[in-house]
Amino acid sequence: MPEIVQLLASPVHRLVGRPADGPAPAPPNELVEEIRIRAGLGVVGDRYFGKPAHRAASVTIIARESLPPGVDLVQVRRNILTVGLAVDELLGSVLTLDSGDGPVRLRVNRPANPCAWMDVTVGPGAFKALRRRGGVRCTPLDDGVLRVGPVAVAVEEADPA
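Let me sum up the structure you'll find in this document.

About the criteria used
- Residues numbered from 1 in each chain as written.
- Predicted model: local features only at pLDDT ≥ 70, side-chain atom pairs only at ≥ 80, totals over all residues.
- Heavy atoms only, no water.
- Helix = DSSP H or I, 4+ residues; strand = E, 2+ residues; numbered from the N terminus.
- Contact = heavy atoms within 4.5 Å.
- Areas by Shrake-Rupley, 256 points an atom, 1.4 Å probe, with all protein chains shown as cover.
- Core = buried A, V, L, I, M, F, W, Y, C linked by side-chain atoms within 4.5 Å.
- Buried < 20%, exposed > 50% of the residue type's maximum accessible area, 1.4 Å probe, protein only.
- Salt bridge = Lys/Arg side-chain N within 4 Å of Asp/Glu carboxyl O.

**Quick notes on the overall build of the chain**
So, step 1. When you go through the chain residue by residue, the secondary structure sums to 3 helices and 12 strands.
So, step 2. Looking at the chain alone, contacts between residues at least 24 apart form 70% of all its contacts between residues at least 6 apart.
So, step 3. Summed over all atoms, the accessible surface of the chain reaches about 7800 Å², with 53% contributed by carbon and sulfur.

Structural data, given as structure tokens:
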């Protein structure tokens, strides 16, 4: 059964400026056991919550299988880390996740392409290695809660509207 293995809701942008300068310090408690999602707005408490420019990309998901051992959401700055779910293959679909508090539907809009920061936060060569494996950017279609642990998954073709 697929699982959510880690969740991140960070109020700050850590990867600003030039990668050579290094990331800003991580705030305490950005890794959480549960996240609250609001339809059309994103993850409550996250840096992209409610930002009009990020509404189609306000929730990001990456598969642990895409990452080197020991790398997690702190380095890649995605919201949801899964195992057992090939998220990069879900473009154009609606992904439904239910970790026990009811289903949360996410429209999978586009890849979450890696940037040059990955060579700094993950390690040399990560920017290139994560191409086509950097996760996906989604629009939340429902309000709900997602928690770390086993998750029921459903995938359906996205409504073109």
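**Focus: the nonpolar core**
So, step 1. The biggest cluster of nonpolar side chains holds 22 residues, and the ones touching the most others in it are Ile35, Ile61, Ile80 and Leu146.
So, step 2. If we skip the residues at most four places from it in the chain, Leu146 touches Ile4, Leu7, Glu33, Glu34, Ile35, Ile37, Ile80, Leu97, Ser99 and Val104.
So, step 3. The next biggest cluster of nonpolar side chains, apart from the first, holds 8 residues, and it includes Ile62, Leu67, Val71 and Leu73.

**So, the pattern of salt bridges**
So, step 1. Enumeration over the complete set of coordinates arrives at 7 salt bridges.
So, step 2. Notably, a salt bridge pairs Glu34 with Arg147, separated by 2.1 Å at the nearest N-O pair. Here Glu34, found in strand β3 (residues 34-38), pairs with Arg147, found in strand β10 (residues 144-147); they are 113 residues apart in sequence, far enough to count as distant.
So, step 3. Of the charged contacts, one joins Asp46 and Arg47 as a salt bridge, the two residues approaching to 2.9 Å between their closest N and O atoms.
So, step 4. When salt bridges that share partners are traced, they join Glu34, Arg36, Asp101 and Arg147 into one network.

**Points about the environment of Glu3**
So, step 1. With respect to the secondary-structure elements, Glu3 resides in strand β1 (residues 3-8).
So, step 2. In this structure, the C-alpha to C-alpha distance between Glu3 and Gly149, residues 146 residues apart in sequence, is 5.3 Å.

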